[in-house]
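Coordinates in review
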Amino acid sequence: MGQIESELSEIELETSWRKRLQEDFDSEYMTKLRNFLREQKTLGKTIYPATDEIFAALNATPFDAVKVVILGQDPYHGPGQAHGLCFSVKPDVPVPPSLRNIYKELAADVNFLPPKHGCLIEWAQQGVLLLNSVLTVEQSLAASHKGIGWEKFTDSVVNQLNEEMGNIVFILWGNYAQKKGEMIDRQRHLVLQSPHPSPLSASRGFYGNHHFTKSNEYLRTYDKTAIDWQLSG
């Protein structure tokens with residue numbers, strides 16, 4: 001994972017995001033967060049994703065390129081799954097249940113053909129910011145890093161987009177994402193909400209939400225290039 005002493009402060013971050021988030025990196029809460037992660041490593045805990053992938057969502061989608069934001073909760077906590085993009089896994093990892101349900105809705109909404117993998121980097125490269133609210137997690141312990149400071153950092157990410165950009169689509173699945181989205185100005189952006197795609201809740205309104213079609217209709221209205229939701233492979 002690299003040198004823990006340099007965790008978060010020296011890590012490479014895409015220039016447009018670094019400029020806007022430098023104050024957060026220099027803040028007291030981020031110092032505490034770094035110290036927490038260092039302590040966890042010292043205790044022998046396994047943390048996901050790898051250090052160089054913690055900010056993968058921001059690195060894959062520069063600030064000015066963001067057209068759609070999908071908000072997740074925290075990274076997958078199984079070995080080899082998390083790589084810094086919400087709902088996404090590396091190409092050689094089995095597709096998780098929530099993502100399988102996302103594929104089902106895509107198939108019904110935009111004639112999507114599900115690939116054999118669960119890597120969503122192609123969306124990120126088109127301007128879909130795949131942002132978790134919490135950016136790290138301990139192995140096998142969901143939500144184990146909730147409340148240590150990541151929420152404040154990702155609030156800053158969302159707030160920067162809300163205030164500086166116009167006509168972004170914010171996709172909020174589930175109560176957790178919807179609460180985080182309360183700061184978004186609905187007059188300047190489109191906010192799409194539904195239950196979470198988890199097997200526990202997908203049948204309660206996630207299926208049939210047509211968020212992928214609605215996103216592209218909105219983007220076209222403001223002369224932005226629509227997202228090609230189809231994934232290769």
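Rules and cut-offs
Residues numbered from 1 in each chain as written. Predicted model: local features only at pLDDT ≥ 70, side-chain atom pairs only at ≥ 80, totals over all residues. Heavy atoms only, no water. Helix = DSSP H or I, 4+ residues; strand = E, 2+ residues; numbered from the N terminus. Expected span 1.5 Å × (residues − 1). Buried < 20%, exposed > 50% of the residue type's maximum accessible area, 1.4 Å probe, protein only. Salt bridge = Lys/Arg side-chain N within 4 Å of Asp/Glu carboxyl O. Pairing = 2+ DSSP bridges. Right-handed = clockwise from strand over helix to strand, strands pointing away. Contact = heavy atoms within 4.5 Å. Core = buried A, V, L, I, M, F, W, Y, C linked by side-chain atoms within 4.5 Å. pLDDT = per-residue confidence, 0-100. Arc of directions from axis to C-beta.

Quick notes on helix α6 (residues 150-164)
One turn of an α-helix holds 3.6 residues; hence residues three or four places apart share an orientation. Counted at 1.5 Å a residue, the expected span for α6 with its 15 residues is 21 Å, and the 21 Å between its end C-alpha atoms agrees. Along α6, the residues classified as buried are W150, E151, F153, T154, S156, V157, V158, Q160, L161 and N162.

With respect to the pattern of salt bridges
Counted by the stated rule, this structure contains 5 salt bridges. Across the salt bridge formed by D155 and K180, the nearest N and O atoms sit 2.7 Å from each other. You can see D155 sitting in helix α6 and its partner K180 sitting in helix α7 (residues 175-180), a full 25 residues away along the chain. For D155, a relative accessible area of 29% puts it in the partly exposed group. A relative accessible area of 9% places K180 in the buried class.

Thoughts on the pairing of strand β5 (residues 169-173)
Most of β5 is tucked away, with 5 of its 5 residues classed as buried. Alternating positions in β5 separate into two faces, V169, I171 and W173 on one and F170 and L172 on the other, with burial throughout. Pairing of strand β2 (residues 68-72) with β5, which is carried by 4 bridges, proceeds in the parallel orientation. Counted as the bridge partner of V69 is F170 from β5. Where β5 meets strand β6 (residues 190-194), 5 bridges bridge the pair, whose relative direction is parallel. Considered in β6, the bridge of V169 is made with L190. Viewed along the sheet, the connection from β5 through α7 into β6 turns out right-handed.

Remarks on the side chain of E138
Among the secondary structure elements, E138 is positioned in strand β4 (residues 137-138). The class for E138 is buried, based on a relative accessible area of 14%. The contact partners of E138, leaving out residues within four places of it in the chain, are Q40, K45, T46, I47, H77, S144 and H145.

Examining the pairing of β2
The buried fraction of β2 is high, at 5 of 5 residues. Covered by surrounding structure in β2 are V68, I70 and G72 together with V69 and L71, the residues of both alternating faces. Sheet analysis places β2 next to strand β3 (residues 128-132), joined by 5 bridges and oriented parallel. In the strand pairing of β3, V68 is matched with V128.

Details of unusual backbone geometry
Across the junction of Y48 and P49, the peptide omega takes the value -10 degrees, indicating a cis bond. Backbone geometry at N167 places phi at a positive 60 degrees, although glycine is not the residue there. Turning to its location among the elements, N167 is positioned in the loop between α6 and β5.

Describing the nonpolar core
Within soluble globular proteins, side chains that are nonpolar generally end up buried alongside one another. Core analysis: the largest hydrophobic core is formed by 69 residues, its most contacted members being W123, F153 and L161. Those residues in contact with L161 that lie beyond four places of it in its chain are W17, F63, V66, V69, L129, I168, F170 and H189.

Some words on the confidence of the model for the chain
In low-pLDDT segments, the atomic positions of the prediction should not be examined closely. Across the chain, the average pLDDT comes to 95, with 96% of residues at or above 70. Contacts for the low-pLDDT stretch residues 1-5, under 50 throughout, to residues beyond four places or in other chains number 9 contacts.

Looking at helix α8 (residues 211-221)
Those residues of α8 lying buried are H211, F212, S215, N216, Y218 and L219. Angular distribution of buried residues about the axis of α8 spans 160 degrees; they occupy a single face of the element. Residues R220 and T221 are exposed on α8 and point more than 90 degrees away from its buried face. Check the buried side of α8 and you find it contacts β2, α4 (97-110), α5 (121-124), β5 and β6.

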